[in-house]
Amino acid sequence: MYMYWVKRLITEKKMSATTIKPPSDLAILRRIVDRGHSAISREAAQAIQRLDFDVADRKRMNQLAAKNRSGRLTQPEEAELNNFIHVGQVLGILKSKARKGMKTDALEA
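## Digging into the overall build of the protein chain
- Within the protein chain, the secondary structure is distributed over five helices and zero strands.
- Each helix and strand of the protein chain, placed in order from N terminus to C terminus, yields the pattern α-α-α-α-α.
- Counting the 109 residues in the protein chain, one finds 17% classified as buried.
- Here the contacts in the protein chain between residues at least 6 apart in sequence split such that 67% fall between residues at least 24 apart.

Laid out in structure tokens, this is it:
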């Protein structure tokens, strides 16, 4: 009987130490964008497809990536690089939805 309680306490401790990670903001956005009824117009899809980083931002991202590879990135620069990555991921999700919308429009035409 003693061993039963010891095993139970160990199991409960392991279960309480395990934390469930909440969904990321990008996972939530993906669910919103991927819903079938959230169709966008062809014009909106084309406008979304044109969204992109400008030359200065691309240059800055390359500088930050190079510093990151060499291990010389400061904390503020790391935060800036993470922001660029995050925005790039959001753009990717939106552009994916736009492509799907344009493909659906082409099939219906």
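Past the structure itself, the notes keep going.
## Some points on the packing of aromatic side chains
- Counted by the stated rule, this structure contains one aromatic pair.
- Ring centres of Phe53 and Phe84 lie 5.9 Å apart, and the angle between their planes is 65 degrees; this geometry places the pair in the edge-to-face category. In this pair, Phe53 sits in the loop between helix H3 (42-50) and helix H4 (55-69) while Phe84 sits in helix H5 (residues 75-108), placing the two residues 31 residues apart along the sequence.
- According to the relative accessible area criterion, Phe53 is buried, its value standing at 18%.

## What about H4?
- Here H4 is 15 residues long and its end C-alpha atoms lie 21 Å apart, about the 21 Å a rise of 1.5 Å per residue gives.
- Sitting at the head of H4, Asp54 places a side-chain oxygen 3.2 Å from the backbone nitrogen of Ala56.
- Downstream of H4 by a residue or two, Gly71 has a phi angle that is positive, lying close to 75 degrees.

## Digging into the pattern of salt bridges
- What the rule picks out here adds up to three salt bridges.
- One salt bridge in this structure joins Arg58 and Asp52, with 2.8 Å as the shortest N-O distance.
- Assessed through its relative accessible area of 39%, Arg58 is described here as partly exposed.
- Given a relative accessible area of 47%, Asp52 falls into the partly exposed group.
- The salt bridge involving Glu80 is made with Arg60; its shortest N-O contact spans 2.8 Å. Separated by 20 residues along the polypeptide, Glu80 in helix H5 and Arg60 in helix H4 bring together distant segments of the chain.

## Describing the nonpolar core
- One finds Phe53, Met61, Leu64, Leu73, Leu81, Phe84 and Leu91 forming the largest nonpolar core, which totals seven residues.
- Secondary structure elements with two or more residues in this core: H4 and H5.
- Sort the elements by how many residues they give to this core and H5 lands first, with three residues.
- Discounting residues that sit within four places of it in the chain, Leu81 has contacts with Met61, Leu64, Ala65, Asn68 and Leu73.

## So, the confidence of the model for the protein chain
- For the protein chain, the average pLDDT comes to 81, and 75% of its residues sit at 70 or higher.
- Confidence, read as mean pLDDT per element, is least for helix H1 (residues 2-17) in the protein chain (54) and greatest for H4 (96).

What counts as what
Residues numbered from 1 in each chain as written. Predicted model: local features only at pLDDT ≥ 70, side-chain atom pairs only at ≥ 80, totals over all residues. Heavy atoms only, no water. Helix = DSSP H or I, 4+ residues; strand = E, 2+ residues; numbered from the N terminus. Buried < 20%, exposed > 50% of the residue type's maximum accessible area, 1.4 Å probe, protein only. Contact = heavy atoms within 4.5 Å. Phe/Tyr/Trp six-rings, centres within 6.5 Å; stacked < 30°, edge-to-face > 60°. Expected span 1.5 Å × (residues − 1). Polar contact = N/O pair within 3.5 Å; in protein donor to acceptor, adjacent residues only side chain to side chain. Salt bridge = Lys/Arg side-chain N within 4 Å of Asp/Glu carboxyl O. Core = buried A, V, L, I, M, F, W, Y, C linked by side-chain atoms within 4.5 Å. pLDDT = per-residue confidence, 0-100.

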